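Each chain is listed here by its residues.
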Amino acid sequence: MGTVEPGGEFNVNTYEGHAFGWRPPAQSETCTTDELEGTVHAARGMERHVFGEKPRVLDAHARKREQERDDPFEAHFTNRAAYAMRLTDTKNASRTVDVAPGATRIWSVRRGEHYDWTSGDGELLYRSVIEFYDQKKHDFKEELHTALCAEKTPPSEPVRVAEYRDELDGRDLQVEILREEPLIAYLPNWTKPGDCADMEGRALRIGLADAQVFGERNVIADRRAISANLEWSRSNETSITNHLIKRAFKLAENLRSYDVTPGPFQEPLNFIQYAHGGEYRPHCDGVCHRTPYARGGRVATLIHYCRAPEVGGATVFPKARLKVQPQDDSAVLFTYKQSDGYMDDGNTLHTGCLLREGVKQIVTMWMREDVHDGEPWSDFLS
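Computed from a predicted structure; not experimentally measured. (Residues numbered from 1 in each chain as written. Predicted model: local features only at pLDDT ≥ 70, side-chain atom pairs only at ≥ 80, totals over all residues. Heavy atoms only, no water.)

**Observations regarding helix 3 (residues 195-206)**
The test is simple: Counting from the N terminus, the helices are the DSSP runs of H or I reaching at least four residues and the strands are the DSSP runs of E reaching at least two. To estimate how far a helix should reach, multiply one less than its number of residues by 1.5 Å. Relative accessibility decides the category of a residue: with a 1.4 Å probe and only protein chains considered, values under 20% of the type maximum give buried, values over 50% give exposed, and everything between is partly exposed. Whether two residues are in contact is decided by their heavy atoms: any pair within 4.5 Å suffices.
Compared with an ideal rise of 1.5 Å per residue, which puts twelve residues at 16 Å, helix 3 spans 17 Å between its outermost C-alpha atoms and is within 8% of the ideal. Among the residues of helix 3, D195, C196, M199, G201, R202 and A203 are the ones counted as buried. As for helix 3, its buried residues are in contact with strand 16 (226-230), helix 4 (240-256), strand 17 (269-274), strand 19 (298-307) and strand 26 (360-368).

So, in structure tokens, the structure goes:
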């Protein structure tokens, strides 16, 4: 997760029940629970935890005050780009203002509101989210992922195209290699008709919920979507979910010689649905700074694109400067354990770009080495 220097702080988005562990710095990025010197579980109202101290949780009255802080307050919106931007209140389109480069506008806002930044040609480039009461600072700045996400930026061309014989499906597939190391590959026509409909049906029966929650706040800036976990089916070994997992793991084994074994001890799949304005800001699925692979850690991700959006919603890799524009029934595979046994150094950091029109449905699959029935994925911390 990160290193906290003496007297330092580390901020993180989390949810009720999420467990965190303390241990001395070490080369290994992942560890088992018996290596920890202390643990803490996030609770409602918890805003701060100091190692060695009992976690401070707000009492009932403080929680009530937090919940009731829906009063308006002044927020500062600053355009840090080199060009003018337009700022719009998503609930009131008449509340729109042009913001010159370097200029700041002060508006009265409330917790839970969204404010869109659009370019001169009307393209939505960023959404400021008012996550909590008195969150005053909101900046727009052009970053690598912003430029890659723009509609004027075309999808990346492959460096080569490989043929792959999918023995489990009895099909010959194309693999468009966008980067060799770490491997980033686009897979047209990865799923068959009916595969995604089956997973969507399962997700809807389970029920879609906010993809991320922080205490009692239901507005999160980094990831705005709804999702449901799809577990490995123990009762139906030939289920579509199990079949897709087996196919993906066989692909990773073939392309990267990973020792990944499918089964109920791997992480569940995550069905995610994004609507207009939904996104997932830059993040890494696994360790993405150069440290040795640690046993039980994630080594690869496969994203199924079940339903492609009409506009926006690309997956971009800012450091690698790559862009994947989803198409129905395609997928992208990216790996972060490299051939030398070390983890990626940031090239697999990625973003789910802002959705401008339509709906996007994806199913994310994570792969781990060295997990099995006796040591499932939940025994490891990353």
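**Describing the sheet that holds strand 10 (residues 124-129)**
Keep this limit in mind: When DSSP locates at least two bridges between a pair of strands, those strands are taken to pair. With axes taken as lines fitted to C-alpha atoms, and helix axes fitted only over the stretch in contact, angles between N-to-C directions fall between 0 and 180 degrees.
Spatial strand order, 7-6-9-10: four strands in an open sheet with antiparallel pairing. Only two strands of the sheet have a single partner each, and these edge strands are strand 7 (92-99) and strand 10. Pairwise comparison of adjacent strand axes, ignoring direction, gives a mean angle of 25° for this sheet. The pairing of strand 9 (residues 114-118) with strand 10 spans five bridges and is antiparallel. Bridging from a neighbouring strand, T118 pairs with L124 of strand 10.

**Section: the confidence of the model for the chain**
We apply this condition: By definition, pLDDT measures how confident the predictor is in each residue, and it falls between 0 and 100.
Averaged over all residues, the pLDDT of the chain is 88; the fraction at 70 or higher stands at 84%. Counting contacts from residues 212-219, a segment whose pLDDT is below 50, to residues more than four positions away or on other chains yields 24 contacts.

**Side note on the side chain of D344**
We count it as follows: Pairing of N or O atoms within 3.5 Å defines a polar contact, subject to two protein rules: one partner must be a possible hydrogen donor and the other a possible acceptor, and residues neighboring in sequence count only if both atoms are side-chain atoms.
Along the chain, the position of D344 falls in the loop between strand 23 (330-335) and strand 24 (350-352). In terms of polar contacts, D344 uses its side chain to reach the backbone amide nitrogen of N347, at 3.0 Å. Setting aside its immediate chain neighbours within four residues, D344 contacts P182, V287, C288, H289, R290, Y336, Q338 and L349.

**Considering the side chain of R127**
Among the structural elements, R127 can be located in strand 10. Under the relative-accessibility criterion, R127 is labelled buried at 6%. A distance of 2.7 Å separates polar atoms of two side chains, one belonging to R127 and the other to D116. Apart from residues no more than four positions distant in its own chain, R127 is found in contact with T90, H114, Y115, D116, R224, H276, G277, E279, R281 and L354.

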